[in-house]
Amino acid sequence: MTAGPPGIVLAAGLGTRMRSQTPKVMHLVAGRPLLSHVLDGVRGAGARPVVVLSKESEPARAIVGDAIVAMQEPPRGTGDAVRVALGAIPDGSGEAFIVYGDTPLLRASTLRALAELRAKRGAQLALLSGMVGTSNAYGRVVRDASGDVARVVEARLATAEEKRLPESNLGAYAVDLAWLRKAVPRLRANETGEIFLTDLVALAAAEGARVAAYCTEDPDEAMGVNTRVELAAAEDVVRRRIRERHMLAGVTFHDPGSSLVDADVEIAPDVVVERGSVLEGKTRIGTGTRIGPYTIVRDSTIGARCHVEQSTIEGATLEDDVRIGPYSHLRPGAYLEKGVEMGNFGEVKNSRLGKGTKMHHFSYVGDAQVGQRVNVSAGVITLNYDGVRKNRTEIGDDAFIGSDSLLRAPIKVGARSQTGAGSVVTKDVPDDMLAVGVPARIRKKTERKDKTT
């Protein structure tokens, strides 16, 4: 468990407006669940996450890592959720953060600033506020003459003058832990039977406790997600931040708004991402590589100085100086060594292509081990599936596989061997031999001058 103050994350809500069987906090934003983004912010602020879940949101337990989990049954509002969380936190003094599990845009730096303001003002409670205009349902922040918070007025109860106040409560808090333990039991349920966390502000004001407000310059930070529309809006902001982070680190995006990059993607400096490209999952891209245009890379590792154009790469590994596309497809388990070239309408699945191998067009290699400097000509197919099992093909170094050759696995084609155009190879081909015909017959190979397609 990370040392530091507790960071209470309220994630027990039902999320009924999402109209989904998936818990709200498990919906993805930039390839990661909403709750994961919030936990990153809490941990980044140096806090120990304490996540409040309900029966409906319990599947989120799988993604919380080392966080403490407290179950709220039944969910009875945010104030009651804090009570449940406090029951899971060892007694002690100090500070606690309180955040919502559906606010993926909240930055760790903002939580740290919130705590610093609370300490500076000597406040029991500090809340996050923002200038978000007057057309919203957030509680309006009313400040006193000293600049602290006099009260927070719910929008539905605010006067016309109070509704015009531009500053609103955004729902993240830094609070004195000892005071919180005493205050939460004094919160009372409303007419619906729910206990609301926002009533803490009124409680503090009633007993003369100081409440400070940190007004963020980026009101998007507290954007909550309750509907699919809000999910899309939050994702748009997260993805913009991700692209900006990479650009500031030396990555070029041509037409950045047209490309999508997941949160866990790693991109080295001097990579160029062309328009319409999508980088997903645990993808890593080495320096000097060019991706796109219109390329999808998912859970793959791409080395330095590669070029992947208008192709799909999933679960694959490319060493340095590899060229792919356009219109190629690397499926899971594909491994291309340094200098491999793979052109139009090629497909590789669960296979390793050796250094310098060329596979320029219209070919399929599946469940195969292909040696170095092999030429795979147009129309070559490894027949890896016999209707029951997947079988292996092995091709030795410097082999030449002629156009439209069919290699029926399991089969081995030896080093420096070649197959004639249109051959159907059903038997192993020894080193330095030629296979021609249907079915292919093995002959001694004659020297050839040109080893490229």
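Residues numbered from 1 in each chain as written. Predicted model: local features only at pLDDT ≥ 70, side-chain atom pairs only at ≥ 80, totals over all residues. Heavy atoms only, no water.

Student: I'd like to hear about the overall build of the protein chain, residue by residue, with values.
Tutor: Secondary structure assignment for the protein chain yields seven helices and 42 strands. Rg of the C-alpha trace for the protein chain: 30 Å, well past the compact-globule value of 22 Å for 453 residues, more than 25% over. Scored against the burial criterion, the 453 residues of the protein chain give a buried share of 51%. Restricting to contacts in the protein chain with at least 6 residues of sequence separation, those with at least 24 account for 40%. By element, 51% of the accessible surface of the protein chain is carried by carbon and sulfur atoms, the whole surface being about 20,200 Å². One way to put it: in the protein chain the 60 positive side-chain charges average out to a point 3 Å from where the 56 negative ones average out. (Helix = DSSP H or I, 4+ residues; strand = E, 2+ residues; numbered from the N terminus. Rg over C-alpha atoms; globule rule 2.2 N^0.38 Å. Buried < 20%, exposed > 50% of the residue type's maximum accessible area, 1.4 Å probe, protein only. Contact = heavy atoms within 4.5 Å. Areas by Shrake-Rupley, 256 points an atom, 1.4 Å probe, with all protein chains shown as cover. Lys, Arg positive; Asp, Glu negative; His and termini not counted. Charge placed at Lys NZ, Arg CZ, Asp CG, Glu CD.)

Student: An account of the sheet that holds strand E26 (residues 335-336) is requested, with residue identities and associated values reported.
Tutor: Within a sheet, neighbouring strands are paired by backbone hydrogen bonds and run either parallel or antiparallel to one another. Within the open sheet, the nine strands sit side by side as E14-E17-E20-E23-E26-E29-E32-E35-E38. Their pairing is parallel. Strands at the two margins of the open sheet, each flanked by one partner only, are strand E14 (266-267) and strand E38 (411-413). In this structure, strand E32 (residues 368-370) lies alongside strand E35 (residues 393-395), joined through three bridges in parallel fashion. Residue Ala368 lies in a different strand from E35, and its bridge partner there is Thr393. (Pairing = 2+ DSSP bridges.)

Student: Now, about a nonpolar patch on the surface: what can you tell me, with residues and values included?
Tutor: On the surface, a nonpolar cluster with roughly 340 Å² of combined accessible area is contributed by Tyr327, Phe345 and Phe362. By the element assignment, Tyr327 lies in the loop between strand E24 (323-324) and strand E25 (329-330). (Patch = residues over 30% accessible without salt bridge, like charges linked within 9 Å, V, L, I, M, F, W, Y side chains within 5 Å. Salt bridge = Lys/Arg side-chain N within 4 Å of Asp/Glu carboxyl O.)

Student: Describe the pairing of strand E6 (residues 95-100), listing the residues and the values that go with them.
Tutor: The buried count for E6 comes to six of six residues, which makes it a mostly enclosed element. With burial as the criterion, each face of E6 is covered, one bearing Glu95, Phe97 and Val99 and the other bearing Ala96, Ile98 and Tyr100. Where strand E1 (residues 6-10) meets E6, four bridges bridge the pair, whose relative direction is parallel. When the bridges of E6 are listed, Leu10 appears paired with Tyr100.

Student: Lay out the sheet that holds strand E21 (residues 307-308) in plain terms, naming residues and giving numbers.
Tutor: Pairing within the open sheet is mixed, and its 12 strands lie in the order E12-E15-E18-E21-E24-E27-E30-E33-E36-E39-E41-E42. Edge positions in the sheet fall to strand E12 (252-253) and strand E42 (441-444), since each of these pairs with one other strand and no more. Sheet topology places strand E30 (residues 358-359) next to strand E33 (residues 375-376); two bridges connect them, and they run parallel. In the sheet register, Lys358 faces E33, and the bridge partner there is Asn375.

Student: I'd like to hear about the packing of helix H1 (residues 34-44) against helix H3 (residues 108-121), residue by residue, with values.
Tutor: Where H1 meets H3, the axes come as close as 7 Å, and the angle between the chain directions of the two elements is 45°. In terms of their interaxial angle, H1 and H3 are classed as oblique. For the crossing formed where H1 meets H3, the hand is right-handed. Contacts from Gly41, Val42 and Gly44 of H1 reach H3 at Ala108, Leu111 and Arg112. Residues belonging to the contact of H1 with H3 are distributed by class as follows: three nonpolar, two polar and one charged. (Axes fitted to C-alpha atoms, helices over the stretch in contact; angles between N-to-C directions. Parallel < 35°, antiparallel > 145°, perpendicular 65-115°, else oblique. Left-handed = near helix turned anticlockwise from the far one by under 90°. Nonpolar A, V, L, I, M, F, W, Y, C, P; charged D, E, K, R; others polar.)

Student: Describe the pairing of strand E8 (residues 140-143), naming the residues involved and giving the relevant values.
Tutor: In this sheet, strand E9 (residues 149-153) lies alongside E8 in antiparallel orientation, the contact comprising four bridges. Residue pairing for E9: Arg143 is matched across the bridge by Val149. Joining the antiparallel neighbours E8 and E9 is a turn of five residues, in which Gly147 adopts a positive phi near 95°.

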